[in-house]
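So the chains spell out like this:
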Amino acid sequence: MPPSTKRLNNGLSVTTKVFVRSRNGGATKIVREHYLRDDVACYSKLCDQCEYSLETTPVLSHVPFSTPKLTKHYLILDTNIVLNAIDLLEGSQALFDVIIPQTVLEEVRNRSYPIYTRLRGLSKADAKRLIVFHNEFCKNTFVARQKGETINDYNDRLIRKVGEYYNSHLSNYGVKVFLLTDDKDNLKKCKDEHILALSLREYLGQLPNSEDLLDTLPSAQDDLQVAEFKYAEYYSQSRLIAGVKSSVLFQGPMNVSSYDIFEGTINLPSIFPKPILVRGRQNMNRATNGDLVVVELLPKSQWVAPSNDIVDETTLGNADNEDNDLIISDQERRLLNKEARRAQMEDESKLQPSAKVVGVIRRRWRLFTGQLSPNTMTTNTNTLNSCLVTLSEKSMPAVRIKTRKANDLLNMRIVVAIDDWPGTSKHPEGHFVRTLGPIEDKDTEQEALLLEHDVEYRPFSKNVLDCLPKEGHEWIVPVNLSSDEQLKKRRDLRDKLVCSIDPPGCVDIDDALHARKLPNGNFEVGVHIADVTHFVKPATALDQEGASRSTSVYLVDKRIDMLPTLLGTDLCSLKPYVDRFSFSVIWELDEDANIINVDFMKSIIKSREAFSYQDAQDRIDDSSNNDELTQGMRSLLALSKKLKKKRMDAGALNLSSPEVKVHMDSETSDPGEVEIKKLLDTNSLVEEFMLLANISVARKIYDAFPQIAMLRRHAPPPSTNFEALNEMLHIRKGMTISVENSRALSDSLDRCVDKNDEYFNILVRIMATRCMMAAEYFVSGNFSYQEFKHYGLAADIYTHFTSPIRRYCDVLAHRQLAAAIGYEPLHPSQRDKTKMDLIVKNMNRRHRNAQFAGRASIEYYVGQVIKNTESSQEGYIIKVFTNGIVVLVPNFGVESLIKLEDMADENSGLFDEKEFELSFNDKIGNKRELHVFDKVTVYMKSVLNEMTGKRKAVFLLK
């Protein structure tokens, strides 16, 4: 039935009647109303017909972009353009004055939410001049769907209508409006209907910098050659869904080994105690690290054990040209033959459930950095080259791109995007996005590092900065606290002897403490946390940016802030000698550090001093200093030791990681030396009271909001995670680790001592840390209380509250705590569990990326230090493979792979899997035997990897 139309006061209403047949044969009439308006603005500054509200202003330029070949014009983008050329759209070289029809926005949202998010972000970028036009609510552009018309054809017709309307609407202003679409059928219909339209390649070809721009487009699909190499086709979507639902197929994220690019695992601890193993190029079937995949178990006769081989792009050697992507190289054939021989000798006790990938639900493809491989260029001229880009992320395969600028891109760090992975190619296909700069340039490598770990490092937008106090650095705590109802609720704690204890040079001071002895012999102890939520209000641009970034990122030479510097290093920072807003937790503790009472309050404090860990330790240890502040610090230290003992007795783990500090030259900013971080008693003092505050707040917000409390958990590791480490310890040292519970694990780690080597216990703790599960943020309603436990801390409930300047979880915990104590109500958006789940997912991803970025920064700068000061160092073997070893050097906190080919005649190598032993004849003919846990001497030097273009520490066995 055709829709009827009726007029309302402020627009039109299109009414559609639909009759739906019921099960009993009857019919039910459903009436749907779609409201149209006649005042939807075009957003062009040239137009004097449209009217705007106070909140909206025109965006499209009054001097539109033009070229010698194209008159002044605006652009309308079709869905396929946005999906395939989002990198180009985000760039600054082309595509300005862009109109995104609402129809396109909704299609993009349904097909790729990450690209939809990027597109929404562009609408806030002033330089791009991009607007969303609500064509489906505009009287002049709405068209009703025709009977039998597919939804795709209907959407295309809606988009063409926008092109027709804009050209008519702006016909008197000397501007044309082009619809860009790569849909051939849509282009033909535009021509038939006399609507201005171009394909993206046609449009870019008319721009002055066309060659550079065309290089950034996704590769066009060429006719495929007949290939001996072919991947299996993926199962249909319906088969995948049905298979997962019936537990015939299994779904999970793919984790590719950092040592063997042809081995991946999928962890499903609730179904399989051991990870599902996916071994071999064919079984991995184009899945890449981080992809959400569906796998099908292989018959048990085909199950295998984890690989003991080192296989990377350098092991394989890159294909010389595009044709070699279609065949299996001799090197790969040798690996396959070796794999087949080994499979017949596998120890059945080590076999794991093995599977093949039959579908990819969601790709983790993003922008990747890498280096062009010169030996893969098909020609040295500036014609279109097909070549491979070796990515910086070593668990990813090389990507084939086509570019006219291959010679210019050699020895440059470049950014590429992956577009597709055809079933007849050994490498995914992608396109060049942009150049970062020369390889080994410090700024280039730092930007590449941030891109690789998806760290948002662009400056804060004007919308975000507009949310900051107008007084800027001149802002102060109001003198009259009774002038505002909220201020009246704050507790004035400026009489307390508060101080902060942080790493040297810290300017974003989140926390401060105080302690004093009470008349009854107990202690009043306070933890005071920067009151970030006073400045960061829910649902503002500042809040949304903080939620998106989720965490500050700490690199060796810089800090990427979660919040603007004005807040992080000044107005929120608990600097000494100035009044600051804080959120305080105050306990009454007895002499044994038992909690007698706890109170939570918004407060005002004035820190007496900002100490470094060393300065605080020196003051506590100075017996001649007995002022009240120092006595309070000594009380804090004594109580912290009792708190720590309680935690350790309860089963908290004392794990370890190789942490080092790189010292930078103050004048040149070059790395000077590497120092192992020393931990003092004052480090533990701060840690214990931050843990106590986090636990106390977690209990409070969970009591108040049992379904949406923002918490953090650390799941117990499956015992199978420790099997390999336990076997190493048993065979090589006659020791074992107990994993029945955290207390048993803690006690057994304490027993792993080698009286001849003090570092051995630390080494075991480092290796045990790598067997643990990762801690994660979660919303309380998603788990039972028994699952809240933080295994590493031996705490039944936990959250993050003490670092709101640099962690968004803490911001949410502050808001929940403020509501729980009646200070201010919780914003409606943060009562929505679905929204909170999305925030948690992003926080976990950003937190993990920040950790990896920090480690990568240290690795980069350690490589620079070693470049200037090559030396011999003691190291420990932590892994043994058939064709190499991995050595950790404690003094530099780095580990490196030493391949057999660099130590010996490869043919002399003999690997004993049961003894974790690799024996060989070295370069001068001496017989050598190496075992896991062996202490070795290595010569450290810094080498530039020719394939990845990354400099790192390389060890040579002495």
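So, a few notes on the structure that sits alongside this text. Along each chain, residues carry numbers from 1 onward, in the same order as the chain's sequence is written. Since the coordinates come from a predicted model, pLDDT governs what is reported: local features require at least 70, and pairs of side-chain atoms require 80 or more to be given and counted, while whole-chain, interface and lining totals use all residues. Calculation of side-chain values draws on the structure's entire complement of heavy atoms; hydrogens and water are dropped beforehand.

When helices and strands are counted, the protein shows 26 helices and 40 strands. Think of it in three bands: with a 1.4 Å probe and only protein chains considered, a residue is buried below 20% of the maximum accessible area for its type, exposed above 50%, and partly exposed in between. Expressed as a percentage of its 958 residues, the buried residues of the protein come to 52%. Throughout, a residue-residue contact means that at least one pair of heavy atoms, one from each residue, lies within 4.5 Å. Within the protein, contacts between residues separated by at least 24 positions form 66% of all contacts whose residues are at least 6 apart in sequence. For the protein, the accessible surface area stands at approximately 44,900 Å², while carbon and sulfur atoms represent 49% of it. Starting at the N terminus, helices and strands are each numbered in turn, a helix being any DSSP run of H or I of at least four residues and a strand any DSSP run of E of at least two. Calculation of accessible area relied on Shrake-Rupley with a 1.4 Å probe; when residues are assessed, cover is drawn exclusively from the protein chains displayed.

The packing of two helices is summarised by the inter-axis angle and the distance between the axes. For helices, the fitted line uses only the C-alpha atoms of the stretch in contact; every axis is such a line through C-alpha atoms, and the angle between N-to-C directions lies from 0 to 180 degrees. Taken N-terminus to C-terminus, the directions of helix 25 (residues 808–820) and helix 26 (residues 833–868) make an angle of 145 degrees; their axes are 10 Å apart at the nearest point. Where helix 25 abuts helix 26, its residues Tyr808, Cys809, Leu812 and Gln816 lie against Met836, Ile839 and Met843. Classification used: nonpolar for Ala, Val, Leu, Ile, Met, Phe, Trp, Tyr, Cys and Pro, charged for Asp, Glu, Lys and Arg, polar for all others including Gly. Here the contact of helix 25 with helix 26 is composed, by residue class, of six nonpolar, one polar and no charged.

With that out of the way, let us pick up the sheet that holds strand 14 (residues 355–362). DSSP bridges decide pairing: two strands pair if at least two such bridges lie between them. Spatial strand order, 9-13-14: three strands in an open sheet with antiparallel pairing. Each end of this open sheet is capped by a strand with a single partner; those strands are strand 9 (250–253) and strand 14. Ignoring strand direction, the axes of neighbouring strands in this sheet form an average angle of 35 degrees. One ladder, built from four bridges, connects strand 9 with strand 13 (residues 292–297); its direction is antiparallel. Pairing of phenylalanine 250 across the sheet is with valine 295, part of strand 13.

Time to look at the side chain of histidine 431. By the secondary structure assignment, histidine 431 is in strand 19 (residues 429–438). Look at histidine 431 and you get buried, because its relative accessible area is 3%. At 3.3 Å, the side chain of histidine 431 and the side chain of aspartate 87 are in polar contact. Any N or O atom pair separated by 3.5 Å or less is treated as a polar contact, with the protein-specific requirement of one donor-capable and one acceptor-capable atom, and with residues adjacent in sequence counted only for side-chain atom pairs.

Moving on to the packing of helix 21 (residues 681–704) against helix 25. Where helix 21 meets helix 25, the axes come as close as 9 Å, and the angle between the chain directions of the two elements is 65 degrees. Handedness of the crossing formed by helix 21 with helix 25: left-handed. Note on element contacts: helix 25 touches helix 21 through Ala813, Gln816, Leu817 and Ala820, opposite Val697, Lys700, Ile701 and Ala704. In terms of residue class, the contact of helix 21 with helix 25 is built from six nonpolar, one polar and one charged. By convention, the crossing between two helices is left-handed when the near helix turns anticlockwise from the far helix through less than a right angle, and right-handed when the turn is clockwise.

A word on the environment of arginine 619. On the secondary structure map, arginine 619 appears in helix 19 (residues 613–621). Overall, arginine 619 belongs to the partly exposed group, its relative accessible area being 21%. Measuring from C-alpha to C-alpha, the distance between arginine 619 and threonine 630 comes to 6.8 Å, with 11 residues separating the pair along the chain. Discounting residues that sit within four places of it in the chain, arginine 619 has contacts with Phe611, Asn625, Asp627, Leu629, Thr630 and Arg634.

Let us look at the packing of aromatic side chains. Pairing of aromatic side chains here covers Phe, Tyr and the six-membered ring of Trp, requires ring centres within 6.5 Å, and sorts the geometry by plane angle: under 30 degrees stacked, over 60 edge-to-face, intermediate tilted. For the structure shown, the criterion picks out 19 aromatic pairs. Pairing phenylalanine 250 with phenylalanine 272 gives two aromatic rings, centres 5.2 Å apart and planes at 75 degrees, and the pair type is edge-to-face. Here phenylalanine 250 is found in strand 9, whereas its partner phenylalanine 272 is found in the loop between strand 11 (263–266) and strand 12 (276–279), with 22 residues between them in sequence. Across this residue pair, the class does not change: phenylalanine 250 and phenylalanine 272 are buried. Ring geometry for tyrosine 860 versus tyrosine 861: centroids 5.0 Å apart, planes at 80 degrees, classification edge-to-face. Per residue, the accessibility class of tyrosine 860 equals that of tyrosine 861, and both read buried. These aromatic residues form a ring-pair network of at least three members: Tyr702, Phe778, Phe783, Tyr785 and Phe788. Only when the NZ atom of a Lys or the CZ atom of an Arg is both within 6 Å of the ring centre and within 35 degrees of the ring normal do we say a charge sits over the ring. In this arrangement the basic side chain of arginine 713 is found over the ring face of phenylalanine 783, its NZ or CZ atom lying 4.2 Å from the centre. Of note, lysine 733 hangs over the ring of phenylalanine 760, and the distance from its end group to the ring centre comes to 4.8 Å.

The working definition used for a salt bridge is a side-chain nitrogen of Lys or Arg within 4 Å of a carboxyl oxygen of Asp or Glu. For the structure on display, the rule yields 50 salt bridges. Glutamate 452 is paired through a salt bridge with arginine 366; the nearest N and O atoms lie 3.4 Å apart. Linking glutamate 452 in helix 14 (residues 442–452) with arginine 366 in the loop between strand 14 and strand 15 (367–372), this pair joins segments that are 86 residues apart in sequence. Across the pair, exposure class does not vary: glutamate 452 and arginine 366 are buried alike. Among the ionic pairs, arginine 458 bridges to glutamate 456, the shortest N-O distance being 3.1 Å. When salt bridges with common partners are traced through the structure, they connect Arg364, Arg366, Glu393 and Glu452 into a single cluster.

As a further point, take the sheet that holds strand 11. Spatially, three strands are ordered 10-11-12 in an open sheet, and the strand pairing comes out antiparallel. Of all the strands in the sheet, the pair left with one neighbour each is strand 10 (255–256) and strand 12. Note that strand 11 and strand 12 share four bridges and pair antiparallel. Bridging across to strand 12, glycine 264 finds its partner in valine 278.

Residues of helix 22 (residues 723–733) that are buried include every one of Leu725, Asn726, Met728 and Leu729, and no others. Looking straight down helix 22, one finds that the buried residues subtend no more than 160 degrees of arc, so they occupy a single side. Against the buried residues of helix 22 lie helix 24 (759–769) and strand 33 (871–881). Note on helix 22: the residue one or two positions beyond its end, glycine 734, has a positive phi of about 70 degrees. The arc in question is traced by the directions running from the helix axis to the C-beta atoms.

One can expect most non-glycine residues to show negative phi and most peptide bonds to be in trans. Look at asparagine 411: it is not a glycine, yet its phi comes out positive at around 65 degrees. Among the secondary structure elements, asparagine 411 is positioned in the loop between helix 13 (406–409) and strand 18 (412–420). A residue is classified by how much of its surface remains accessible, and asparagine 411, at 58% relative accessible area, is exposed. A positive phi angle is found at tyrosine 577, which is not glycine, with a value near 75 degrees. Within the secondary structure, tyrosine 577 sits in the loop between helix 18 (565–571) and strand 26 (579–589).

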